[in-house]
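Each chain, letter by letter, is given below.
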Amino acid sequence: MPKLTIDGREIEVEKGTRIIEAARAHGIYIPRYCYHPGLSIAGNCRMCLVEVEKAPKLMIACQTVCSDGMVVHTKSEKTKTAQAAILEFLLINHPLDCPVCDQAGECDLQNFYLDFGRYTPTFAEPKVKKRKAYPIGKHVILDSERCILCSRCVRFCEEITHTNELGIFDRGDHAELMLAPGQQLDNNYSGCTIDICPVGALTDREFRFQVRVWYLRAFNSICPGCSRGCNIEVHTNPTRPHHAGGERLVRIKPRFNPQVNRWWMCDLGRYGQTWVDSPERLALPLRVAGAGQQPCEWPAAAAAASELLRNARGKIGVIAGAQLANEDFFLAGKLLLDHLEAPAAAVGSFDKNARHDELLLEADKAPNRTGAAALGWDTSAGAERELLERAARGELKLLYVVGRDLVAEFGAELVEAALAKSAMIYQGPLANSTSGRAQMVLPAAAFAERDGTFTNSQKRVQLFLEAFPPFGESKADWEIFQLLAKALGESWDYRSSQEVFEELAKTAAEFAGMTYEIVGQQGAALKSARGDAALPEPDPAALDRRGRIPVAPWGSR
Amino acid sequence: MPKSQPILTAYFDDPESHTLAHYRRRGGYQALEQAIRTLKPDQVTETVKASKLRGLGGAGFSTGMKWGFIPKDNPKPRYLVVNADEGEPGTFKDKWLMLKEPHTLIEGMLIASYAIGCRRAYIYIRGEYVRPLERLKGALEEATAAGLVGAPLFGSDHRLDVTIHVGAGAYICGEETALLTSLEGGKGFPKLKPPFPAVEGAFKCPTIVNNVETLCYVPHILQRGAEWFAALGGERFGGMRLFAVSGDVAAPGVYELPLTVTLRELLYQHAGGIRGGRGSTELKAVIPGGSSAPILTAAEIDVQMDFDSLAKAGTMGGSGAVIALSTDVDIVEALYNVTRFYHHESCGQCTPCREGTGWMDKLLARTLRGGAREGDFDNLVRIARNIIGNTICPLGDAAALPVMSYVGKFRSEFDAYLQRAQGAA
């Protein structure tokens, strides 16, 4: 293993390590634009030039492999002069439009100017004019004048999605990032080009002009869009909630996890969570009274619902969606299956032909089917239909539906037939055509409004945290089950989903030994997937709920 | 100085010199036959190394040593690529070699391919070279018909197929790695080194890129011996080279001379002395090795024209293009001309060259429009200094070195623009 010296510190690295990574591993940050750990080396921005003793000229740290005895200076006069020079070159043709640029605040031209630039500008010539505010895809808009031609986005579309929509055309200082002829940037990972753009050239059409990024706080979460469970950050705006049209979930960014999604996430997941702030969100419990469903308070709702449950003991059919967390499935099972002796609890399967790809997106569009199965729920195909048919035959008295729209999935006819013979409690975050037919409607919190864990298709248990409080009077699903259990006379007293998880881990063999701190920020594999391998070390930082100031580019800093 | 016999240019005046028949009559392809029949490939490389032949495209690197860099243990195919993308301003020697001696080039390629064990060679020729291309095609047809190209040679199993690839006019494609990218079908972007082409070049295979003129000397070296060629030169270089002399001289043209010739001799004894556009006979400055080379003043022309002596004089031998500037020439305009060229031809891949060439161009254009400001020329030098050594390929240095030398050596001419601008204001 080569030993080298960086800024006076002796460092031993794996053979083949590049200077930029060797330095980073020891807390020395070398500025860079074109380098991204998930992409090939382009070496074009020259921002990472560093002085290497005995080399005839400065070397780019992104490409230069560490060798034994190498002496690197990242803060010498030569290095500093080059860094300031590169910044000056990059900025001569860059528009001075930070006040109206969405990247401001998370822009590496701004950041590096403060850290490595601070020269006195001398450019007195007219700037090169290029295309501005040019939409290149459904989600991405291009400002060519801001582009520093680092080619990260081009390489992303070549090397990660293999879709090749982007190229750099023309040459010299007229070179311009543009779509290949006849193309649109419409692959399912287009949002990642915005993430990796170090400047304001590629910005998000949804996020544009909504919020200044310095108001945002980032919370660790897991994308609920499919069973991949991409690690994400939910960005919310706690101090200026009226910005972005009042949306609390302002944007989603991928969070680095080498085992799951690396630096990436798909557009379906990223842009598919607007339902969290949709007008269809249920704010209050509803119960049928007089002409139709009327809002009520939780105590009244719990009393009424528990009445329905008590009367249907032994004849309750439970149909839940696999977007419930492990904690929810655990308490639902404890209440409905164990205590109320529900004969059947179905989660069901998924359409294997649903849209999926070879990068991240999976056909199963629910984040926790693996967790449901590990906790004993029926995830076989057709389980829910069978249950509805049993209800229609009069074998059940009550359907307890959690987060599903049965009418949309199985048709009004079958649902009506089932409801002719049984009552229904609906629990979920959104009103839908099924909730409208329920005797009781219990509003549930969305994934971003609560803590919990999902188990992804790789059998990895992953933790998500509350980014903002539940909408209206909605509650986390596990809290609703506890409320009902208490109304039925049980003495449950879980103060947090963390406590639920601790009991779950004592009960369910697959989860044995796990805690939230062990699940941590990178997840922990179920026993059947882990084998004899040890669980990860506890990571207390995973439970830091203060919300971070977002730091771009996501996970590659 | 002993009178030297021309080697490559000996038959330039003969209208039939490009034909196979003519080439055969004067012993053409005998060096190839002799090499294949009597020498092992490594011995050919050793011979070229011993001749002290250096790359005549611009970099002046030992040709034999370059051939020796081909890894012995790489099972991939090897390629020979002829750099015929002669684009350095002032350079026009390879054009004449292809017009007049296409078979010399082909024989050089056949010998080189034998030495490095390559079966396929590419000639990357500048798109504007329409007539040289025709000549090259004609010669290749002749050589193919004669069983020299595309067939096993002289009872051995060595054969070479040759493909001509026509460039699209970008200067940067004369840079060897950009040339390879272009040859592969990509936009002419230079590649990061390492790996060097000999290890990983065209199509990720070991590749030798040689200039036309360099390869043309190879048959002569094989035929007449490494010692003969080495003896024509000096301690660290062999032979002669073709100087393309242009600008304010009475007799511009291609002169094949030993590298021991001095710049003064070249200009005054061979190129007929100085004759400016407005009649001046007084030399102001010389660009000794193509537009990328730092300029020399009239007082600095007693320098020998080999790579090392020119490097010691703070400039470079480059492509052998010598451009004389008489006192009729405005140095600021001359620099603007050069700088505008590099701005136009920068590929735009890496930051310092992309942005710096444009900046220097605009600053000089403003100067010439009468808009010079205090501090401009110090800034110009600073910009150039910030480009040098910091780019992917040598184009950055090529753009910056002239700026530093022109401003450094002729500062008063630049300052005169500032004074005029301030006077007008």
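All values derive from a computational prediction rather than experimental measurement.

Description of the overall build of chain B
Then, in step 1: When you go through chain B residue by residue, the secondary structure sums to 17 helices and 9 strands.
Then, in step 2: By the compact-globule yardstick of 22 Å for 425 residues, chain B fits well, its C-alpha radius of gyration being 22 Å.
Then, in step 3: In terms of overall dimensions, chain B has a C-alpha envelope of 80 × 45 × 35 Å along the principal axes.
Then, in step 4: Residues classed as buried in chain B amount to 57% of the 425 residues present.
Then, in step 5: For chain B, restricting intrachain contacts to residue pairs at least 6 apart in sequence, the fraction spanning at least 24 positions comes to 72%.

Looking at unusual backbone geometry
Negative phi values dominate among residues other than glycine, just as trans dominates among peptide bonds.
Then, in step 1: Of the consecutive residues lysine 193 of chain B and proline 194 of chain B, the connecting peptide bond is found in the cis state with omega at -10°.
Then, in step 2: Assignment of secondary structure puts proline 194 of chain B in the loop between helix H8 (176-183) and strand S4 (207-211).
Then, in step 3: Residue proline 195 of chain B follows proline 194 of chain B across a cis peptide bond; omega there is 0°.
Then, in step 4: By the element assignment, proline 195 of chain B lies in the loop between H8 and S4.
Then, in step 5: Here histidine 162 of chain A, not a glycine, exhibits a phi torsion of approximately 55°, which is positive.
Then, in step 6: In this structure, lysine 204 of chain B takes a positive phi of about 60° despite not being glycine.
Then, in step 7: Given 12 C-beta atoms within a 10 Å radius, lysine 204 of chain B is considered exposed.

Here we look at the sheet that holds S4 of chain B
Residue and element names in this part refer to chain B.
Then, in step 1: Reading across the sheet, the 4 strands line up as S3-S2-S1-S4 and stay open at both edges, with parallel pairing between neighbours. With partners counted over all chains shown, the strands left at the sheet margins are strand S3 (161-166) and S4, one partner each. Within the sheet, the average angular offset between the axes of one strand and its neighbour, ignoring direction, is 20°.
Then, in step 2: Bridging between strand S1 (residues 79-84) and strand S2 (residues 120-125) involves 6 bridges; their strand directions are parallel. Its bridge partner being in S2, valine 81 is matched across the sheet by tyrosine 122.
Then, in step 3: Packing against the sheet, helix H6 (residues 102-116) makes contact with S1, S2, S3 and S4, and its axis sits at approximately 145° to S1.

Notes on the domain arrangement of chain A
Then, in step 1: Splitting chain A by domain gives domain 1 (3-92), domain 2 (97-111 + 123-209) and domain 3 (286-539).
Then, in step 2: Domain 1 of chain A and domain 3 of chain A are separated by 51 Å when their C-alpha centres are compared.

Some remarks on the sheet that holds strand S5 (residues 240-247) of chain B
Residue and element names in this part refer to chain B.
Then, in step 1: Spatially, 5 strands are ordered S6-S5-S9-S7-S8 in an open sheet, and the strand pairing comes out mixed. Because the sheet does not close on itself, it has two edges, and the strands there are strand S6 (253-258) and strand S8 (296-297).
Then, in step 2: With 4 bridges joining them, strand S7 (residues 283-287) and strand S9 (residues 321-326) adopt antiparallel strand pairing. Note that in S9 the partner of valine 286 across the bridge is alanine 324.
Then, in step 3: Along the sheet, helix H11 (residues 263-270) makes contact with S5, S6, S7 and S9, crossing S6 at roughly 130°.

Reading the values: the criteria
Residues numbered from 1 in each chain as written. Chains lettered and ligands numbered in written order. Predicted model: local features only at pLDDT ≥ 70, side-chain atom pairs only at ≥ 80, totals over all residues. Helix = DSSP H or I, 4+ residues; strand = E, 2+ residues; numbered from the N terminus. Rg over C-alpha atoms; globule rule 2.2 N^0.38 Å. Buried ≥ 20, exposed ≤ 12 C-beta atoms within 10 Å, placed from the backbone. Contact = placed C-beta atoms within 7 Å. Pairing = 2+ DSSP bridges. Axes fitted to C-alpha atoms, helices over the stretch in contact; angles between N-to-C directions. Domains from an automatic or database assignment.

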